[in-house]
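Coordinate inspection notes
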Amino acid sequence: MDDHVVGGENPSVPISSAASPTASEYGSDYYNAYYGRLGPSVYTRENPHWLKFFGHVADEIVRRLNPRTVLDAGCAKGFLVECLRDRGVEAYGFDVSEYAIGEVRPDIKLYCWVGSANDSISKNYDLITCIEVCEHLPESEAQDAIRQMTAHADRILFSSTPGDFTEPTHVNVRPVIDWLRLFAEFSFAPDQAFDAGFIAPQAMLLRRAQVRPSDQALCRFANLRN
């Protein structure tokens, strides 16, 4: 795949033609009572933790990966998109929650839209980020989401909790090795040298690989991430 791609989705055309069956679960009540998987509760702009956190993530992405175009799959209120845009990256995002997209910073709303992670992605990107999203998707939808992402980027920054079973919307919590094996089905392998701990202990960078990684290699990598 050509790593130099142009543009993002047209935000005026929703990716999803129908609302996800669980979309209504991610309204204001969910976010107002949000117990962050990556930090303190209350997922709002007024909570200084979140913009500081995503600002740091954006800094690391720019410094270490230097992408020109980024898609954030499951962008929630668009914090990572805005932090990347503020740093000169052509970033886009989508989320299943109409409420969350309505909370995106006004000047960033043009680049964020309502859509599900298992819907078609019609553009290629230098990097796709998917942070704590796939555990919210049923198994078949999570597989579809990974199929879509791997078809449209050569690098994917991915994180999914391996142990948080308490949140009601976590319907597909899996160990790291399960995700690695699924990505391997689409010829993606973890970057052994890339430490994505600035996102979460289980986070990892996956790259398109010419040779599918061995299961032994995947298990060794997973043991360092669980």
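Computed from a predicted model, the values in this text were never measured in an experiment.

Examining the pattern of salt bridges
Tallied over the full model, the rule gives 13 salt bridges. Of the charged contacts, one joins Glu82 and Arg105 as a salt bridge, the two residues approaching to 3.3 Å between their closest N and O atoms. One end of the pair, Glu82, is in helix H3 (residues 79–86); the other, Arg105, is in the loop between helix H4 (98–102) and strand S3 (112–114), with 23 residues separating them in the sequence. Here Glu82 falls in the buried class, since its relative accessible area comes to 3%. Asp191 serves as the salt-bridge partner of Arg207, at 2.8 Å between the closest nitrogen and oxygen. A residue pair is termed long-range when its members are at least 10 positions apart, and Arg207 in strand S7 (residues 204–208) and Asp191 in the loop between strand S6 (188–190) and S7 qualify at 16 residues. When its relative accessible area of 18% is taken as the criterion, Asp191 is described as buried. One network of salt bridges, in which partners are shared, links Arg45, Glu82, Asp86, Arg105 and Asp107.

Some points on the side chain of Thr161
Structurally, Thr161 is set in the loop between strand S5 (155–159) and helix H6 (176–185). Among the residues examined, Thr161 registers a relative accessible area of 9% and is labelled buried.

What counts and how
Residues numbered from 1 in each chain as written. Predicted model: local features only at pLDDT ≥ 70, side-chain atom pairs only at ≥ 80, totals over all residues. Heavy atoms only, no water. Salt bridge = Lys/Arg side-chain N within 4 Å of Asp/Glu carboxyl O. Helix = DSSP H or I, 4+ residues; strand = E, 2+ residues; numbered from the N terminus. Buried < 20%, exposed > 50% of the residue type's maximum accessible area, 1.4 Å probe, protein only.

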